[in-house]
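# Tertiary structure, described
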Amino acid sequence: MCDRGYSANYCGSFTGKSKSAATFLDKTLNSRWFGKFAKYSYDHNISTSALIALILAGIMRPATIMALPGKKDKEDKIYASGHSMASGIIGFAVSTAITSPFDESIKKVFDEKKFARGKFKEMDAKIAKLTAQKEAKIITEAARKELKSLTKKRDALNVLVKNIPDWLIGVPRAMLTIALIPPILKYVFGLEKKKKPAPEAQKPVDVPKMDFIDKDVFKNVKGGVQ
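In this report, we go over the structure that sits alongside the text. Worth saying up front: this structure is predicted, and the values here are computed from it rather than measured.

Helix and strand content of the protein: seven helices and zero strands. Expressed as a percentage of its 226 residues, the buried residues of the protein come to 21%. Accessible area of the protein: about 18,200 Å², with a carbon and sulfur share of 63%.

Written out as structure tokens, the structure is:
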């Protein structure tokens, strides 16, 4: 293709870069608030998940519901929006209040390596030893692979343990949310779901009795004593 005057060096790829998008992304990632948010997300992953759910359930979903067409269903849309907001608020409040003490305990054991026992202590010691060899540039290729494997395993265990409190409080949190939504809607948002009117009782329809046996045409063939 090059002999014919064509160049295939950049075929099928885009090497351009949007400076405005890159600048905005760089500013966001290097900003102080993003750094604080990233640290908070690492230390309190369950609370962060509940915060994101609060944003979706408390802002995005109500806005979507209210944007739906239909003036007749306005009251139902307002109630559904309030229900979504109440659910997000309760979920965030309960998750933050219950899991924060667990997060601090897990941080002391895993991140600060306090009170570590058994295999966790042995793993930390092995990682520290291999890391020292890597920094001194005397580590072998096999040891380098072992360090990478142990680091990934340690991080996976860290994430696993941080999610255990969320599994423990999942059912009680759901029960508490369901129980608290109606009073919050009523006393905080001033919303109460209207009861559907009872269906009217239908009057019985008189159906004429059709006794074909008593017809004259059947008297000649009817059995029994005449």
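Before going further, it helps to spend a moment on the packing of aromatic side chains. What the rule picks out here adds up to one aromatic pair. With centroids separated by 5.9 Å and ring planes inclined at 90°, the aromatic side chains of Trp33 and Phe34 adopt a geometry described as edge-to-face.

Its location among the elements puts His44 in the loop between helix 2 (32-43) and helix 3 (45-66). For His44, a relative accessible area of 13% puts it in the buried group. Once you skip the residues sitting within four places of it in the chain, His44 turns out to touch Asp103 and Glu104.

Another point: unusual backbone geometry. Residues other than glycine predominantly adopt negative phi, and peptide bonds predominantly adopt the trans conformation. Unlike most non-glycine residues, Lys137 shows phi in positive territory, near 60°. Assignment of secondary structure puts Lys137 in the loop between helix 5 (118-135) and helix 6 (141-187).

Taking 1.5 Å per residue, 47 residues should reach 69 Å; helix 6 reaches 65 Å between its end C-alpha atoms and fits that length. Of all the bends in helix 6, the greatest, near 45°, is centred on Ile169, and the proline Pro172 appears no more than four residues after it. Turning to helix 6, its buried residues are Ala143, Leu147, Leu150, Arg154, Asn158, Lys162, Pro165, Ile169, Arg173, Thr177, Ile181 and Leu185.

Turning to a nonpolar patch on the surface, a few remarks are in order. Taken together, Ile52, Ile55, Leu56, Ile59 and Met60 make up a surface patch of nonpolar side chains, about 480 Å² in accessible area. With respect to the helices and strands, the residue Ile55 is situated in helix 3. Relative accessible area serves as the criterion here: at 41%, Ile55 is assigned to the partly exposed category.

The next thing to look at is the environment of Lys77. Tracing the backbone through its elements, the reader meets Lys77 in helix 4 (residues 74-111). For Lys77, a relative accessible area of 12% translates into the label buried. As for Lys77 and Thr64, which are separated by 13 residues in sequence, their C-alpha atoms are 9.8 Å apart. Once you skip the residues sitting within four places of it in the chain, Lys77 turns out to touch Ile65, Met66, Leu68, Pro69 and Gly70. At 2.6 Å, the side chain of Lys77 forms a polar contact with the backbone oxygen of Leu68.

Scoring rules and cut-offs
- Residues numbered from 1 in each chain as written.
- Predicted model: local features only at pLDDT ≥ 70, side-chain atom pairs only at ≥ 80, totals over all residues.
- Heavy atoms only, no water.
- Helix = DSSP H or I, 4+ residues; strand = E, 2+ residues; numbered from the N terminus.
- Buried < 20%, exposed > 50% of the residue type's maximum accessible area, 1.4 Å probe, protein only.
- Areas by Shrake-Rupley, 256 points an atom, 1.4 Å probe, with all protein chains shown as cover.
- Phe/Tyr/Trp six-rings, centres within 6.5 Å; stacked < 30°, edge-to-face > 60°.
- Contact = heavy atoms within 4.5 Å.
- Expected span 1.5 Å × (residues − 1).
- Bend = angle between axes of the 7 residues up to and from the residue.
- Patch = residues over 30% accessible without salt bridge, like charges linked within 9 Å, V, L, I, M, F, W, Y side chains within 5 Å.
- Salt bridge = Lys/Arg side-chain N within 4 Å of Asp/Glu carboxyl O.
- Polar contact = N/O pair within 3.5 Å; in protein donor to acceptor, adjacent residues only side chain to side chain.

Function-wise, these values are silent; they only describe arrangement.
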